[in-house]
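Secondary and tertiary structure notes
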Amino acid sequence: MTAHEIDYRIYGEEMQYVEIELDPQEGVIAEAGSFMMMDDGIKMETIFGDGSEKNKGFLGSILGAGKRILTGESLFMTAFYNTLPGKKNVSFASPYPGKIIPIDLTEFRGKFICQKDAFLCAAKGVSVGIEFSKKLGRGLFGGEGFIMQKLEGNGMAFVHAGGTMARKELKPGETLRVDTGCLVGFTQDVDYDIEFIGGIKNSIFGGEGLFYAKLQGPGSVYIQSLPFSRLAGRVLAAAPQGGGKDRGEGSILGGLGNLLDGDNRF
């Protein structure tokens with residue numbers, strides 16, 4: 001299925017959103033919860049799977065939706081169509097501070113592999129499937145399990161990276177080691193595996209986990225500086241503990257510290 005040719009603009013710096021411009025009868029698919037706003041004339045429809053040719057028919061839709069359960073996503077996706085003459089816009093927002101990355105699948109020979117929660121939206125006709133790992137170590141220790149998402153087709157797709165995004169172009173045989181949580185996605189020719197950090201001190205006291213993601217070129221690799229798990233961990237660490245007292249900047253000094261840093265609560 002030929003994907004719809006959509007135009008887009010990305011707005012913002014830290015909390016970005018992407019505005020998709022749809023011609024009459026054009027459509028875009030998105031993960032549930034990413035919708036931000038839309039013009040009059042845009043029709044919203046909840047669908048099984050991604051609605052692509054790959055999952056055509058009732059049985060295909062059921063199988064496509066069922067695969068999404070394995071990635072921890074909802075059975076359903078949302079499609080938005082322009083039903084009126086003239087161009088109409090629909091916008092989707094990033095879930096937390098970071099960058100929205102436009103992926104033109106035609107530049108990557110029709111396939112891009114990404115973390116299961118990185119996908120934001122795509123042109124109607126792009127297939128959102130699953131990518132099984134054939135390597136036991138990667139499946140057990142990769143942080144993303146045996147399964148990652150794969151985006152296939154010839155249209156535009158958009159993924160989200162937390163914090164600041166880095167893109168690395170690897171030459172044939174060139175290797176890059178990345179924290180497993182910081183990996184956003186990579187092109188299909190990149191060889192992805194898991195490598196043990198090594199050393200008892202590194203393993204026990206390093207604080208960086210036991211494994212790296214090892215990526216070998218050729219291909220492109222996208223890396224995020226702020227994985228959501230890391231952000232959530234810091235928020236939970238600073239949240240009020242058992243007795244209801246917080247662990248803010250003045251916590252060592254107790255109430256006096258709160259008074260000094262401008263928080264007058266005791």
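This text follows the structure it describes.
Residues numbered from 1 in each chain as written. Predicted model: local features only at pLDDT ≥ 70, side-chain atom pairs only at ≥ 80, totals over all residues. Heavy atoms only, no water.

Right, let's get into the overall build of the protein. When helices and strands are tallied, the protein shows 5 helices and 19 strands. Here the protein holds 266 residues, and the buried ones make up 43% of them. Sequence separation of 24 or more characterises 76% of the internal contacts of the protein that already satisfy a separation of 6 or more. Working note: accessible area of the protein is about 14,100 Å², and carbon and sulfur atoms make up 56% of it. (Helix = DSSP H or I, 4+ residues; strand = E, 2+ residues; numbered from the N terminus. Buried < 20%, exposed > 50% of the residue type's maximum accessible area, 1.4 Å probe, protein only. Contact = heavy atoms within 4.5 Å. Areas by Shrake-Rupley, 256 points an atom, 1.4 Å probe, with all protein chains shown as cover.)

Below, the discussion takes up the pairing of strand β10 (residues 119-123). Regular strands place side chains that alternate from one sheet face to the opposite one. In terms of burial, β10 is a largely internal element, 5 of the 5 residues being buried. Strand direction decides the pairing type here: strand β3 (residues 27-30) and β10, joined by 3 bridges, are antiparallel. Residue pairing across strands places Val28 opposite Ala123, the latter belonging to β10. Here β10 runs beside strand β13 (residues 156-162); their pairing, made up of 3 bridges, is antiparallel. If you follow Phe119 over to β13, its bridge partner there is Val159. (Pairing = 2+ DSSP bridges.)

Our focus in this paragraph is the environment of Met165. As for its position among the elements, Met165 is in strand β14 (residues 165-170). Note on Met165: relative accessible area 28%, which makes it partly exposed. Considering only alpha carbons, one finds Met165 and Lys99, 66 residues apart in sequence, at a separation of 6.5 Å. Leave out the neighbours within four places in its chain, and Met165 touches Lys99, Ile101, Tyr222 and Ile223.

Now for the pattern of salt bridges. It is possible for side chains of opposite charge to pair when their charged atoms get near one another. All told, the structure shown has 6 salt bridges when counted by the stated rule. Taking the shortest distance from any N to any O, the salt bridge between Lys87 and Glu21 comes out at 3.8 Å. Highlighted residues: Lys87 in the loop between β6 (76-82) and β7 (88-93) and Glu21 in strand β2 (residues 17-22), separated in sequence by 66 residues. We classify Lys87 as partly exposed; its relative accessible area is 49%. Across the pair Lys111 and Glu131 runs a salt bridge whose closest N-O atoms are separated by 3.2 Å. One end of the pair, Lys111, is in strand β9 (residues 111-114); the other, Glu131, is in strand β11 (residues 127-132), with 20 residues separating them in the sequence. For Lys111, a relative accessible area of 15% puts it in the buried group. You can call Glu131 buried: its relative accessible area is 16%. One continuous salt-bridge network, built from bridges that share partners, spans Glu21, Asp23 and Lys87. (Salt bridge = Lys/Arg side-chain N within 4 Å of Asp/Glu carboxyl O.)

Take the pairing of β3 next. Burial along β3 is two-sided: the residues Gly27 and Ile29 and Val28 and Ala30 are all buried. Sheet topology note: the β3/β6 ladder contains 4 bridges and is antiparallel. Note on β6: the bridge partner recorded for Gly27 is Tyr81.

These figures come from the coordinates and say nothing about function on their own.
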